[in-house]
Amino acid sequence: MFYVIGLGLCDEKDITVRGLEAVKSCSRVYLEAYTSILMVNKDRLEAFYGKPLILADRDMVELESDEILRNAAAENVAFLVVGDPFGATTHTDLLLRARDLHIPTQIIHNASIINAAGCSGLQLYNFGQTVSLVFFTDAWKPDSFYDRIAENAKFGLHTLVLLDIKVKEQSEENLARGRKIYEPPRYMSIPTAINQLLEIESIRKEGIIDGDSTLAIALSRVGSIPEGSTNDDDGTQRIVAGTLSDLQVQPESVFGKPLHSLIIAGKMLHELEAIYAGAFAVNQENWNRIAKKTL
């Protein structure tokens, strides 16, 4: 059996009972380590699961799937995914390869940022398409996300923006020279994300994103202990709301430790959404004034 098991959002205890039982039955356990990360290190996972973990980076998952699936028709093999198994298309591809090899598969679901974004106070059925925002370079500034945000905005829907992470990435020079030298991990911050969103708006000029009138909610470490509760060493969940301009000028420390996500609020806020999310606003008066226009 080939198991694809969601780990949830925070730490080793977020795995479901069914997922943990499956892990303990496996002869090999892979931990996917590039589309997202947990808030604890590999050693803590191994101690809790009682199994050694094989880190599966992008190259292994995309180029060495045969090794991951090796003998899975005769023994149990697990592939662990932060969040929910269907959070990334790569995992769907792996399951299709298993199907082609006539390997039985089982999916064990868990919480992901897609549904946990409800902690913002915005109602999940009012969300439209989710988009990803990658780090821009001088030569590469993809803007396809802008069209998705525009489509959501047309119907008054919120947009969940997943911010880029760079784990085990090579510089262009090292990649060109074939050197296995990797850059330090990088995690996109909320101010960087807002700067990039506004930069694309300044290029496209379609009036979809406006610093002074677009409401947004920044999320960090969703699923961990909420700010104000008993703290731990791994950081706390933070929710910070405001206009894009309000958030843009906040110091990065306000948003807490990574990973971060950003919600672009739709223009048809429900009254309860406005009240609940407004409790997290950095400028309550400004939030209430703009939110009132959307009700």
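The rules behind these values
Residues numbered from 1 in each chain as written. Predicted model: local features only at pLDDT ≥ 70, side-chain atom pairs only at ≥ 80, totals over all residues. Heavy atoms only, no water. 1 Å grid on protein atoms, 1.4 Å probe; cavity = no way out; pocket = protein on both sides within 12 Å on 5 of 7 lines; lining within 4 Å. Points joined across faces, edges and corners; volume = space filled by probe spheres on them. Helix = DSSP H or I, 4+ residues; strand = E, 2+ residues; numbered from the N terminus. Nonpolar A, V, L, I, M, F, W, Y, C, P; charged D, E, K, R; others polar. Axes fitted to C-alpha atoms, helices over the stretch in contact; angles between N-to-C directions. Parallel < 35°, antiparallel > 145°, perpendicular 65-115°, else oblique. Contact = heavy atoms within 4.5 Å. Buried < 20%, exposed > 50% of the residue type's maximum accessible area, 1.4 Å probe, protein only. Pairing = 2+ DSSP bridges. Arc of directions from axis to C-beta. Polar contact = N/O pair within 3.5 Å; in protein donor to acceptor, adjacent residues only side chain to side chain.

Remarks on the layout of surface pockets
Approximately 1000 Å³ is the volume attributed to the largest pocket. Forming the walls of the largest pocket are 40 residues, and the residues nearest its centre are Thr35, Ser36, Gly87, Leu162 and Leu163. Within the residue set of the lining of the largest pocket, elements represented by two or more residues are α5 (89–100), α6 (113–116), β6 (131–133), β7 (159–163), β8 (165–166), β10 (215–220) and β12 (260–264). It is α5 that provides the largest number of residues to the lining of the largest pocket, a total of three residues. Looking at the lining of the largest pocket, its residues break down into 21 nonpolar, 13 polar and six charged.

Re the packing of helix α7 (residues 144–154) against helix α9 (residues 190–204)
For the pair α7 and α9, interaxial distance at closest approach is 10 Å and the crossing angle is 85°. When the interaxial angle is binned, α7 and α9 end up roughly perpendicular. For the pair formed by α7 and α9, the contact residues are Phe145, Tyr146, Asp147 and Ile149 on the first element and Leu197, Ile200, Glu201 and Arg204 on the second.

Quick look at the environment of Leu124
Relative to the assigned elements, Leu124 resides in the loop between α6 and β6. Residue Leu124 is classed as partly exposed on the basis of its relative accessible area of 41%. Separated by 34 residues in sequence, Leu124 and His158 have C-alpha atoms that sit 8.8 Å apart. When near neighbours in sequence (up to four residues on either side) are disregarded, Leu124 contacts Ile114, Asn115, Ala117 and Gly118.

Some thoughts on the sheet that holds β6
In spatial order, the strands read β6-β7-β12-β10-β11; together these five strands make up an open sheet with mixed pairing. The open sheet terminates on both sides in strands that have one partner only, identified here as β6 and β11 (238–243). Averaged over all adjacent pairs, the angle separating strand axes in this sheet is 25°, with direction ignored. Here β6 runs beside β7; their pairing, made up of three bridges, is parallel. Considered in β7, the bridge of Ser132 is made with Leu162. Against the sheet, α7 makes contact with β6 and β7, and its axis sits at roughly 140° relative to β6, the strand it touches most. Here α9 sits on the sheet in contact with β6, β7, β10 and β12, set at roughly 40° to β12.

Brief notes about empty space enclosed by the protein
If a probe as big as a water molecule is rolled over the atoms, it shows which places are left empty. Within this structure, the stated rule accounts for one cavity of 30 Å³ or more. Space inside the largest cavity adds up to approximately 40 Å³. In terms of lining, the largest cavity is formed by Ser213, Thr214, Leu215, Ala265, Gly266, Lys267, Ile290 and Thr294.

Things to note about helix α2 (residues 42–49)
Residues Leu45, Glu46 and Tyr49 constitute the buried set of α2. For α2, the angular spread of buried residues about the axis comes to 95°, placing them on one side. Along α2, exposed side chains directed more than 90 degrees from the buried face belong to Asp43 and Ala47. In this fold, the buried residues of α2 make contact with α1 (17–24), β2 (28–32) and β4 (77–81). Between the side-chain oxygen at the start of α2 and the backbone nitrogen of Asp43 there is a gap of 3.2 Å, and the oxygen is on Asn41. Taken from the residues just after α2, Gly50 is the one with a positive phi, measuring 70°.

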